[in-house]
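Examining the three-dimensional arrangement
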Amino acid sequence: MTSLPDTTAKKLGLVVDLDICVGCHACAVNCKEWNASAKSAPLTDYDPYGKKPDGVWFNRVHTYETTDDAGHGQTVHFPRSCLHCEDAPCVTVCPTGASYKREEDGIVLVNEDICIGCKLCSWACPYGAREYDENEGVMKKCTLCVDKIYNENLPEESRVPACVSTCPAGARSFGDLGDPESEVSKLVAARGGYDLMPEQGTKPVNKYLPPRPRQDGRGGDKAPRMLTSADDSTEGAGLIARWVDKILS
């Protein structure tokens, strides 16, 4: 079986804001596009134009309708991918060492050259984040675009995972969650970010930011919020903000 590093120099991961994710699936599509032509290629599709299309997707977006105790409903779009856990059961269960966690940045990867496709890692993962490629006979997963984030041929601002760079709502952030002074760590602290299924004891590095309560004009909760502007002038940003507010409401 494979052992985990005692510590990692960094804890690179994602922060997903469920309050502003619109469920457009751009993250999933761009993830597929990048990885289908990069280190993890190919990402096999099965019957893509048939009645039951399926395939290897490192990032999947689920949509839920929720209702609170007062009967107010809300739609929540929930992106799901590998969480690069500190105590990753998918690593320790691997009989060949194909599944491993990098000491330098904490990213969990699969060495496909020694993967035997036994699927033990997928059974051990409580999040369903492993993707078995039937054509290749090996297990695959999110790599945090490791071939992109360290690519010195790219501008520094482009060295982020494909899902982050393509999100039109800015719902995804990337950085070192092991550094309390990093922007992502501050964001998690400010918004009360949380671990997915903490009872599993895997200590996921990726965090989720909860949806904010919706408010109405009378101070009540759950109704859609309206844009407000601190500028009372009739010119510039104040006028634009009121126009956008009128259109959206």
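Residues numbered from 1 in each chain as written. Predicted model: local features only at pLDDT ≥ 70, side-chain atom pairs only at ≥ 80, totals over all residues. Heavy atoms only, no water.

- Looking at an unreviewed UniProt entry, one finds the protein named 4Fe-4S dicluster domain-containing protein, with Qipengyuania polymorpha as its source organism.

1. A closer look at the overall build of the protein
- Helix and strand counts for the protein stand at seven helices and 11 strands.
- The buried share among the 249 residues of the protein stands at 40%.
- Put simply, 57% of the contacts in the protein that link residues at least 6 apart link residues at least 24 apart.
- Total accessible area computed for the protein in this model is approximately 13900 Å², and 51% of it derives from carbon and sulfur atoms. (Helix = DSSP H or I, 4+ residues; strand = E, 2+ residues; numbered from the N terminus. Buried < 20%, exposed > 50% of the residue type's maximum accessible area, 1.4 Å probe, protein only. Contact = heavy atoms within 4.5 Å. Areas by Shrake-Rupley, 256 points an atom, 1.4 Å probe, with all protein chains shown as cover.)

2. Details of the side chain of Thr 44
- With respect to the helices, strands and loops of the structure, Thr 44 is situated in the loop between helix H1 (26-35) and strand E2 (45-46).
- The exposure class assigned to Thr 44 is buried, which follows from its relative accessible area of 9%.
- A polar side-chain atom of Thr 44 sits 2.8 Å from a polar atom in the side chain of Asp 133.
- Contacts of Thr 44, omitting those with residues within four sequence positions, involve Lys 32, Gly 55, Val 56, Asp 133 and Asn 135. (Polar contact = N/O pair within 3.5 Å; in protein donor to acceptor, adjacent residues only side chain to side chain.)

3. With respect to the pairing of strand E1 (residues 12-17)
- By the criterion of burial, E1 is predominantly enclosed, with six of the six residues buried.
- Of the two faces of E1, the one lined by Leu 12, Leu 14 and Val 16 and the one lined by Gly 13, Val 15 and Asp 17 are each fully buried.
- Across five bridges, the pairing between E1 and strand E10 (residues 172-176) is antiparallel. Paired with Val 15 across the strands is Ser 173, a residue of E10.
- The pairing of E1 with strand E11 (residues 207-209) spans three bridges and is classified as parallel. (Pairing = 2+ DSSP bridges.)

4. Let's talk about the layout of surface pockets
- Roughly 210 Å³ of internal volume is contained in the second largest pocket.
- Around the second largest pocket, the lining residues are Lys 10, Leu 12, Ile 149, Tyr 150, Glu 156, Arg 159, Val 160, Phe 174, Gly 175 and Asp 176.
- Of the residues forming the lining of the second largest pocket, the biggest block, three residues, is contributed by E10.
- When the residues that make up the lining of the second largest pocket are grouped by side-chain class, the tally is five nonpolar, one polar and four charged. (1 Å grid on protein atoms, 1.4 Å probe; cavity = no way out; pocket = protein on both sides within 12 Å on 5 of 7 lines; lining within 4 Å. Points joined across faces, edges and corners; volume = space filled by probe spheres on them. Nonpolar A, V, L, I, M, F, W, Y, C, P; charged D, E, K, R; others polar.)

5. Here's the deal with the side chain of Asp 105
- With respect to the element layout, Asp 105 can be found in the loop between strand E6 (99-101) and strand E7 (108-110).
- Here the side chain of Asp 105 touches Ile 107 through a polar contact of 3.2 Å, landing on its backbone nitrogen.
- Only 2.7 Å separates the side chain of Asp 105 from the side chain of Tyr 150, close enough to count as a polar contact.
- Ignoring any residue separated from it by four or fewer positions in sequence, one finds Asp 105 in contact with Lys 10, Lys 11, Leu 12 and Tyr 150.

6. Observations concerning H1
- Those residues of H1 not exposed but buried are Cys 27, Ala 28, Asn 30, Cys 31, Lys 32 and Asn 35.
- Against the buried residues of H1 lie E2, strand E4 (60-67), helix H5 (162-166) and E10.

7. Some thoughts on the packing of aromatic side chains
- As enumerated under the stated definition, the model contains two aromatic pairs in all.
- Residues Phe 78 and Tyr 208 carry aromatic rings whose centres are separated by 4.5 Å and whose planes lie at 20° to one another, so their mutual orientation is stacked. With a gap of 130 residues between them, Phe 78 in strand E5 (residues 73-80) and Tyr 208 in strand E11 connect regions that are remote in the sequence.
- Through a chain of ring-to-ring contacts, the aromatic side chains of Phe 78, Tyr 194 and Tyr 208 assemble into a single cluster.
- Over the aromatic face of Trp 57 sits the side chain of Lys 32, whose NZ or CZ is 4.5 Å from the ring centroid.
- Across the ring face of Trp 34, the terminal group of Lys 148 is positioned such that the distance to the ring centre comes to 5.7 Å. (Phe/Tyr/Trp six-rings, centres within 6.5 Å; stacked < 30°, edge-to-face > 60°. Lys NZ or Arg CZ within 6 Å of the ring centre and 35° of its normal.)

8. Things to note about the pattern of salt bridges
- Counted under the stated rule, the structure contains 10 salt bridges.
- Residues Glu 104 and Arg 102 are paired through a salt bridge, measuring 3.4 Å at the closest nitrogen-oxygen approach.
- The partly exposed category is assigned to Glu 104, whose relative accessible area is 44%.
- We note a salt bridge from Lys 207 to Asp 195, for which the minimum N-O separation is 2.4 Å. On the criterion of sequence distance, the pair formed by Lys 207 in strand E11 and Asp 195 in the loop between helix H6 (183-191) and E11 is long-range, its members being 12 residues apart.
- When its relative accessible area of 25% is taken as the criterion, Asp 195 is described as partly exposed.
- One continuous salt-bridge network, built from bridges that share partners, spans Asp 54, Arg 60 and Glu 131. (Salt bridge = Lys/Arg side-chain N within 4 Å of Asp/Glu carboxyl O.)

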